[in-house]
Amino acid sequence: MKKVLVVYASRHGSTRGIAQRIANVLQSDGLEVVIAPADHAAGVGTAEAVVVGSAIYMGSWLKDAVEFIKRNEVTLAELPLWLFSSGPLPGSSMQKGPNVDPLTDALGPQDGPGSGGRKKIAEISAATYPKEHRVFLGAFDPEDPPKVTSERLVRMLPAVKKALPAGDFRDWDAIEAWAHEIAATLATPAVPV
Ligand SMILES: Cc1cc2nc3c(=O)[nH]c(=O)nc-3n(C[C@H](O)[C@H](O)[C@H](O)COP(=O)(O)O)c2cc1C
């Protein structure tokens, strides 16, 4: 039975919920799964495949997820790796417009002003060769108080208040379908070269 490590960084819990659902599906598809928050996951251990996901705040992944990938870069580059971001809320895109790809929507442009968080993801992706980076809609509960000062300040800005719709927009069908795809890929024997 292949062992998969699912690592997540979540501030308010919705990304944790996505990671947990992915882990459940992988398990039901016959994989052995370990799930851990990025700040507790020191290493990759004996995992043969890894899924890493983070919430996005102001165009950036949470530090713990970036740091988990950085400190395990060499190992992750040798393993099948999938990344996911959770993610835009309807109407809260970093960069709006037709035909905007999901990563740009969630993390912002590849270059120029506001590209810092996106560049960090490009950097860790270039070092670890993820098979895919999927973006899922997230959730926002305005009653759940900010967890860090920067979030408190940002949430007070009138433009941000207007742009952040309250609700749980997680698309469980899309999340489960993706997890099944991962399980199917892992079930396919590698072609010898
Ligand atoms: C202050 C604030 C800033 C956010 N910035 C972004 C962003 O830049 N891009 C994005 O896609 N989603 C953004 N979101 C949406 C969150 O990523 C979404 O709510 C996510 O599901 C939160 O995950 P968590 O509950 O695991 O912390 C933001 C949400 C808040 C409250």
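Below, the structure is looked at part by part. None of the values given here were measured: they were computed from a predicted structure.

### Quick notes on the overall build of the protein
On a plain count of helices and strands, the protein comes out with 8 helices and 8 strands. Here the C-alpha atoms of the protein give a radius of gyration of 17 Å, agreeing with the 16 Å that 2.2 N^0.38 yields for 193 residues. Taking the principal axes of its C-alpha atoms as reference, the protein extends roughly 55 × 35 × 35 Å. Burial statistics for the protein: of 193 residues in total, 42% are counted as buried. For the protein, contacts bridging at least 24 residues in sequence account for 78% of all contacts bridging at least 6. Counting every atom, the protein has about 10,000 Å² of accessible surface; 56% of that belongs to carbon and sulfur. In the protein, the 20 positive side-chain charges and the 22 negative ones have mean positions that sit 6 Å from each other.

### Focus on the side chain of Ser14
Inspection of the secondary structure assignment puts Ser14 in helix α1 (residues 14–28). When neighbours within four sequence positions are excluded, Ser14 is seen to be in contact with Ser86, Ala139 and Arg170.

### Observations regarding the pairing of strand β2 (residues 32–37)
Sheet topology places strand β1 (residues 3–9) next to β2; 6 bridges connect them, and they run parallel. When the bridges of β2 are listed, Lys3 appears paired with Glu32. Note on the crossover from β1 through α1 to β2: the handedness is right-handed.

Cut-offs used in this document
Residues numbered from 1 in each chain as written. Predicted model: local features only at pLDDT ≥ 70, side-chain atom pairs only at ≥ 80, totals over all residues. Heavy atoms only, no water. Helix = DSSP H or I, 4+ residues; strand = E, 2+ residues; numbered from the N terminus. Rg over C-alpha atoms; globule rule 2.2 N^0.38 Å. Buried < 20%, exposed > 50% of the residue type's maximum accessible area, 1.4 Å probe, protein only. Contact = heavy atoms within 4.5 Å. Areas by Shrake-Rupley, 256 points an atom, 1.4 Å probe, with all protein chains shown as cover. Lys, Arg positive; Asp, Glu negative; His and termini not counted. Charge placed at Lys NZ, Arg CZ, Asp CG, Glu CD. Pairing = 2+ DSSP bridges. Right-handed = clockwise from strand over helix to strand, strands pointing away.

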